[in-house]
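Each chain, letter by letter, is given below.
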Amino acid sequence: MQKVEKENAWALIPLVVFIGLFLGAGIITKDFTFLPLNVAALIGVIVALLMSPKEKFTHKVEVFARKAGHPNIILMMLVFVLAGAFSKTAEAMGGVSSIVNLGLSLIPQHYLIVGIFIICMFISISMGTSVGTVAAIAPVGFGISEATDIPAALAMATVVGGAMFGDNLSMISDTTIAAVRTQNTRMADKFKVNFRIVVPGALATLVILWWLTHGNQIDQATNYDYDFVKVIPYLFVLILALLGVNVVIVLMGGIGLAGIIGGLDGSFGMKGFLSAASEGVVAMEDIAMIALLIGGMIGLVEHYGGVTWLLNSVKKRIRSRRGAELGIAGLVSMADISTANNTISIIMAGPLAKDIAEEYNIDPRKSASILDIFGSAFQGILPYSPQLIAAAGVAGISPVMLLPYSVYPMMLALCGIVAIMFNLPRLQVGQNNKKN
C-alpha cells in the first residue's frame, strides 16, 4: 500500500515568519541590513522547533539536524568556504586588481557587465552549478563595480543571472538531471526544447544590461597596469570550469595556484598565505551557517507537511492542458520558494508533474523544461537563496538589493510563461519515448 504523505498548511508558519520578519524589518526601517539574515533564519528555526507540541522535542531536533546535514547543503557550505579562501588568497597576491584592470583594458566600458554575464553563462553551463559560478566570478564582478560607477548590486545580480542560465541548461547540472529523470525523457531532447524557450530571454537580458550600463564611467584614478601571471589562477578556474571539472577541485586548485604564485613573487610568505585563506573562510562562515539554518528549517516544514500541502493545492486547481503546464510551473515554483533549492524542488515536484503531464498529454520534453525553467527562475530572485546570499556577501550588501537588477531570472520566468500560453515550441509527437 502506497504511503500517504501528511499535508498541513500551518506547517508553513516558520517560512512565513522568516520571510516576513526579514522583508518586513527592511521595508519598515528602509534598511535591509537592520535584521541580519542569520537572525531571521534562527528565529524561523526556533518557531519550527516549537510547532507540533505533541511531538517529542528531541525528535524535532533530530529532524532539523538530519535535514540541515543534507549532502547538498554540506557541499554548498564547503563550496562557500573554499570560495572565500580562493577569493582572499587571490586578492592578497594581487590577482583581483590584475584581472579587473585586464578586463577594463580589453572590454569596452559599455560592455563590462554584458561581458560578465556572458562569462558566467559559459562557466555555469560547463560546471553545472550556479553556486560554484557565483563563488568563482562574484569577486571579479565586485572588483569591476568598484573600479566603475556600476552599482555593486547590478554587478552581483548579473553574476547570479548568468549562473542561472547555465544551471538551467547544463548537461551535468543537478537540476537538469533531476528534471530529465523525473519526466522520463532524454537529456539532449530536453536541452533542445529548453534552449529554444530561454534564448530570447538571454538575448533580451544582454540588451537590457547594455542599456543599464552604457553610460557608466571608469574611475580615472584606477591604475590599469596588471601582471598577467597573477591572472593565471582565474584563468585556471575558468578553464577547469569549462572542462566540467568538479567545483570543489576547481576551487582547491585555484587556492593552491594563488598560493604558489603569491609565494614566488613575494606577495606573501606561508604565514600570509594561511592568514589570507583563513580570512576568506571566516568571511564565508556566516553565509554557510545561514544555508544550514534554512536547510534545517525547510526540512521541518516538509516534515510537518507544509510542502506536500503546497504541491497538492496546485494540483487540485488544474482543469486544462494549458492549466496543467501552468500547474507544473506552479508546483516547482512553490516548492522552490519553500526550499530555496531548485534541485530539491524539482525532485519533489517531479513525480506529480509527470502524472499531470501524462494525464493532459504534455510532451515530457516540455514538462522537464518547465520544471527546470521555473525552478531556476525563482532561485535567482529569492533573497534567501544561496546564490543571492553568496553574491551579496561578496559585495557586503543585502540580498534584497539585488532583486531590482535580477534581469535574467525574470526574463527566464517570462519566457516560460510565454511558452506555456502560446504552446511554444511546437513539438512533433512520437520523437521522445526513451530515457537518456
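Residues numbered from 1 in each chain as written. Predicted model: local features only at pLDDT ≥ 70, side-chain atom pairs only at ≥ 80, totals over all residues. Heavy atoms only, no water.

Taking an unreviewed UniProt entry as the reference, the protein is identified by name as Na+/H+ antiporter belonging to Staphylococcus microti. Taken directly from UniProt, the Subcellular location (unreviewed entry) text for the protein runs: "Cell membrane". Here is the UniProt Sequence similarities (unreviewed entry) comment for the protein, exactly as written: "Belongs to the NhaC Na(+)/H(+) (TC 2.A.35) antiporter family." (UniProt positions renumbered as here; feature names shortened; annotations may be inferred.)

**Q** Honestly, a nonpolar patch on the surface in this entry has me stumped. Any pointers?
**A** Together, Tyr 226, Phe 228, Val 229, Ile 232, Leu 235, Ile 239 and Leu 243 make up a nonpolar patch on the protein surface, roughly 630 Å² of accessible area in all. Tracing the backbone shows Leu 243 in the loop between α11 (232-242) and α12 (247-264). Owing to a relative accessible area of 63%, Leu 243 belongs among the exposed residues under this scheme. (Patch = residues over 30% accessible without salt bridge, like charges linked within 9 Å, V, L, I, M, F, W, Y side chains within 5 Å. Areas by Shrake-Rupley, 256 points an atom, 1.4 Å probe, with all protein chains shown as cover. Salt bridge = Lys/Arg side-chain N within 4 Å of Asp/Glu carboxyl O. Helix = DSSP H or I, 4+ residues; strand = E, 2+ residues; numbered from the N terminus. Buried < 20%, exposed > 50% of the residue type's maximum accessible area, 1.4 Å probe, protein only.)

**Q** Got a minute to help me understand the packing of aromatic side chains in this structure?
**A** The relation between two aromatic rings is expressed through the spacing of the ring centres and the mutual angle of the planes. If you walk through the whole model with that rule in mind, you get five aromatic pairs. Pairing Phe 18 with Tyr 384 gives two aromatic rings, centres 5.4 Å apart and planes at 70 degrees, and the pair type is edge-to-face. Taken together, the residues Phe 18 in helix α1 (residues 13-29) and Tyr 384 in the loop between α17 (364-379) and α18 (386-395) connect sequence positions 366 residues apart. Tyr 384 matches Phe 18 in its accessibility class, with the two residues each being buried. Between the aromatic rings of Phe 268 and Phe 273, the centroid separation amounts to 5.9 Å while the plane-to-plane angle is 40 degrees, which identifies the pairing as tilted. The exposure classification of Phe 268 matches that of Phe 273, with both residues buried. (Phe/Tyr/Trp six-rings, centres within 6.5 Å; stacked < 30°, edge-to-face > 60°.)

**Q** I would appreciate a short explanation of the pattern of salt bridges in the present structure.
**A** A pair can form between side chains of opposite charge whenever their charged atoms are brought close. Summed over all chains, the structure comprises eight salt bridges. The partner of Lys 230 in a salt bridge is Asp 265, with the nearest N and O atoms 3.2 Å apart. Note that Lys 230 is positioned in the loop between α10 (187-213) and α11 and Asp 265 in the loop between α12 and α13 (270-304), a separation of 35 residues in sequence. For Lys 230, a relative accessible area of 15% puts it in the buried group.

**Q** Where do I start with the nonpolar core in this structure?
**A** The tendency in soluble globular proteins is for nonpolar side chains to be buried as a group. In this structure, Phe 18, Phe 80 and Leu 402 are the most contacted members of the largest nonpolar core, which totals 137 residues. Contacts of Leu 402, omitting those with residues within four sequence positions, involve Ala 153, Met 156, Ala 157, Val 160, Leu 388, Ala 391, Ala 392 and Ile 397. (Core = buried A, V, L, I, M, F, W, Y, C linked by side-chain atoms within 4.5 Å. Contact = heavy atoms within 4.5 Å.)

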